[in-house]
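Close look at the chain arrangement
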Amino acid sequence: MSRCPGWEALDVLEAAPDGPVAFCADLSPAGLLAAYRAGVYPFPASDEYTRALNEVVFADQVQEGRIRLVGELLADPFAVSWWSPDPRPVLPVSATHLSRSLARRLRNRLPWSTSLDRGFERVVRECRGDRVPLWLTEELIASLIRLHELGHAHSVEVWEDGDLVGGVFGLRVGSVFSMDSMFFRRPGASKVAVSDLAARFAQAGGELLDAQRDSPHVRDLGCILLPREQYVRHLRRTARDTLPMPTATLPARRLAQPAASR
């Protein structure tokens, strides 16, 4: 069995590309931020069955040292698995674009506006919803809210006549924004949220939006697959935040214009 004292000692480049790279029960704000800076994100077990399944499936790999235990063993480590896929789906902020049909709807006066950090907890809880598995546990949500209060976690909201119809949230690590989840209550609203996030992040010197897990949905957003080594190298090069993102509430139709004129 191999244990790391902290995330800074974990070399994710040695880990398997398509499974958990570590187990660690620490979901504290400091632990969460350190993990994201190492290129790792959490997937808490939603119930005792999932926790037990983690132990049954992965205990041998933990015992052999192929999956590491991180931090002090003050709680059951199999309650939270941590992931760092190889390759990693990312979206360069300069390459974001809306589909022609969605851009046309915005230009035709679709009454949407966007904001930053106007409803962080609301966005997180909308993303949680009734999804299965329920990885956004109350403990994780509490740490995300604290990281938001500390300026590390952010949300973009999409509004229609005062109603929240879409959004995205995640953590910023230097020039990378790791998107944890998104939701929509109107078709296209989550895509508008990501496009708005890219525009605001670019103004703050950001370079990449990290979609964490590959899927047809994130490919549809325009994500490309980046080798994990390149992704981690990028994180290490720009691990600290610089300029703040603009927070003003803005008309969403500006996102249908060429990037240079937004």
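How each quantity is defined
- Residue indices follow the written sequence of each chain, beginning from 1 at its first position.
- This being a predicted model, a pLDDT of at least 70 is required before a residue's local features are given, and a value of 80 or more before pairs of side-chain atoms are given or counted; all residues contribute to the totals for chains, interfaces and linings.
- Only hydrogens and water are removed before side-chain values are computed, so all heavy atoms of the structure are retained for them.
- What counts as an axis is a line fitted to C-alpha atoms, over the stretch in contact for a helix, and the angles between N-to-C directions run from 0 to 180 degrees.
- Only DSSP runs of H or I reaching four residues or more are called helices, and only runs of E reaching two or more are called strands; each is numbered from the N terminus.
- What sets the label is the angle itself: under 35 degrees gives roughly parallel, over 145 gives roughly antiparallel, 65 to 115 gives roughly perpendicular, and the rest give oblique.
- Note on contacts: a residue pair qualifies if any of its non-hydrogen atoms lie within 4.5 Å across the two residues.
- Lys, Arg, Asp and Glu make up the charged group, whereas Ala, Val, Leu, Ile, Met, Phe, Trp, Tyr, Cys and Pro make up the nonpolar group; the residues left over, Gly among them, are polar.
- Aromatic contacts are taken between Phe, Tyr and Trp rings whose centres are within 6.5 Å, Trp giving its six-membered ring; a plane angle under 30 degrees counts as stacked, one over 60 as edge-to-face, and the others as tilted.
- The buried label goes to any residue with under 20% of its type's maximum accessible area, the exposed label to any with over 50%, and the partly exposed label to all in between, with areas taken from a 1.4 Å probe on protein chains only.
- We call two strands paired when DSSP finds no fewer than two bridges between them.
- One side-chain nitrogen of Lys or Arg within 4 Å of one carboxyl oxygen of Asp or Glu is enough to make a salt bridge.
- Using protein atoms alone on a 1 Å grid, points that fit a 1.4 Å probe yet trap it form a cavity, whereas open point sets bounded by protein on both sides within 12 Å along at least five of seven lines form a pocket; residues with an atom within 4 Å of a point count as lining.
- Grid points are joined across faces, edges and corners, and a volume is the space filled by probe spheres set on the points.
- Here the term patch refers to residues with relative accessible area over 30% and no salt bridge, with like charges joined within 9 Å and nonpolar side chains (Val, Leu, Ile, Met, Phe, Trp, Tyr) within 5 Å.
- Throughout, the Shrake-Rupley method with a 1.4 Å probe supplies accessible areas, and for residues the shown protein chains are the sole cover considered.
- What pLDDT conveys is the predictor's confidence in a given residue, as a value from 0 to 100.

1. Let's talk about the packing of helix H1 (residues 29-37) against helix H5 (residues 138-149)
Look at H1 against H5: their axes get within 9 Å of each other, and the N-to-C directions meet at 80°. Comparing the axis directions of H1 and H5 gives the class roughly perpendicular. The segment H1 lies against H5, with Pro29, Leu32 and Leu33 engaging Leu140, Ser143, Leu144, Arg146 and Leu147. Residue classes in the contact of H1 with H5 are distributed as six nonpolar, one polar and one charged.

2. A closer look at the packing of aromatic side chains
With the rule as written, the count across this model stands at five aromatic pairs. Here the aromatic rings of Phe120 and Phe169 are separated by 6.0 Å at their centres, their planes lie at 80°, and the arrangement is edge-to-face. Linking Phe120 in helix H4 (residues 120-128) with Phe169 in strand E9 (residues 163-173), this pair joins segments that are 49 residues apart in sequence. With respect to burial, Phe120 and Phe169 carry one shared label: buried. On the basis of an interplanar angle of 70° and a centroid distance of 5.9 Å, the ring pair of Phe177 and Phe201 is categorised as edge-to-face. Here Phe177, found in strand E10 (residues 176-184), pairs with Phe201, found in helix H6 (residues 189-203); they are 24 residues apart in sequence, far enough to count as distant.

3. Notes on the sheet that holds strand E2 (residues 20-23)
The pairing of strands in a sheet happens through backbone hydrogen bonds and is either parallel or antiparallel. Here we have five strands laid out as an open sheet, ordered E1-E4-E2-E5-E3, and mixed in their pairing. Since the sheet does not close on itself, it has two edges, and those belong to strand E1 (3-4) and strand E3 (41-44), each with one partner. Where E2 and strand E5 (residues 80-83) come together, three bridges link them in antiparallel fashion. Its bridge partner being in E5, Pro20 is matched across the sheet by Trp83.

4. What about the pattern of salt bridges?
The full count for this structure, using the stated rule, is 17 salt bridges. Among the salt bridges present, the one from Arg146 reaches Glu149, with a minimum N-O distance of 3.2 Å. Pair noted here: Arg146 and Glu149 are both in helix H5, with a separation of three residues, about one helical turn. The class of Arg146 is partly exposed, set by a relative accessible area of 38%. Glu149 gets classed as exposed once you look at its relative accessible area, which sits at 53%. In this structure, the salt-bridge partner of Arg200 is Asp196, at a minimum N-O distance of 2.5 Å. On the criterion of helical spacing, the pair formed by Arg200 and Asp196 is a turn pair, its members being four residues apart in helix H6. As far as the burial class goes, Arg200 and Asp196 line up, both buried. One network of salt bridges, in which partners are shared, links Glu48, Arg51, Glu55 and Asp76.

5. Looking at the layout of surface pockets
Quantified by volume, the largest pocket comes out at close to 350 Å³. Considering the residues around the largest pocket, the lining is formed by 18 residues, among which Arg131, Asp180, Ser181, Met182 and Arg213 are closest to the centre. Elements that contribute at least two residues to the lining of the largest pocket include exactly E10 and helix H7 (216-220). For the lining of the largest pocket, the leading source of residues is E10, giving six residues. Taken together, the residues of the lining of the largest pocket sort by class into ten nonpolar, four polar and four charged.

6. What to know about the sheet that holds strand E13 (residues 250-251)
Across the sheet, which stays open at both edges, the eight strands sit in the order E12-E6-E11-E10-E9-E8-E7-E13 with mixed pairing between neighbours. In this open sheet, the two edge strands, each paired with only one partner strand, are strand E12 (224-226) and E13. Pairing analysis gives five bridges linking strand E7 (residues 112-116) to strand E8 (residues 153-160), with the strands arranged antiparallel. Within the sheet, the bridge partner assigned to Trp112 lies in E8 and is Glu160.

7. Side note on a nonpolar patch on the surface
A grouping of Tyr49, Leu53, Val56 and Val57 is seen on the molecular surface, where their side chains present a nonpolar patch of about 430 Å² in accessible area. With respect to the element layout, Val57 can be found in helix H2 (residues 48-63). Classification of Val57 by relative accessible area gives partly exposed; the value is 43%.

8. A few points about the confidence of the model for the protein
Across the protein, pLDDT averages 92, with 97% of residues at or above 70. By mean pLDDT, H7 is the weakest element of the protein at 82, and E8 is the strongest at 98.

9. What about the pairing of strand E6 (residues 88-92)?
In terms of burial, E6 is largely enclosed, as five of its five residues are buried. Neither face of E6 is exposed, since Arg88, Val90 and Pro92 on one face and Pro89 and Leu91 on the opposite face are all buried. As paired strands, E6 and E12 are joined by three bridges and run antiparallel to one another. Of the residues in E12, the one forming a bridge with Pro89 is Leu225. Bridge count between E6 and strand E11 (residues 208-210): three bridges; the pairing is antiparallel. If you follow Pro92 over to E11, its bridge partner there is Leu208.

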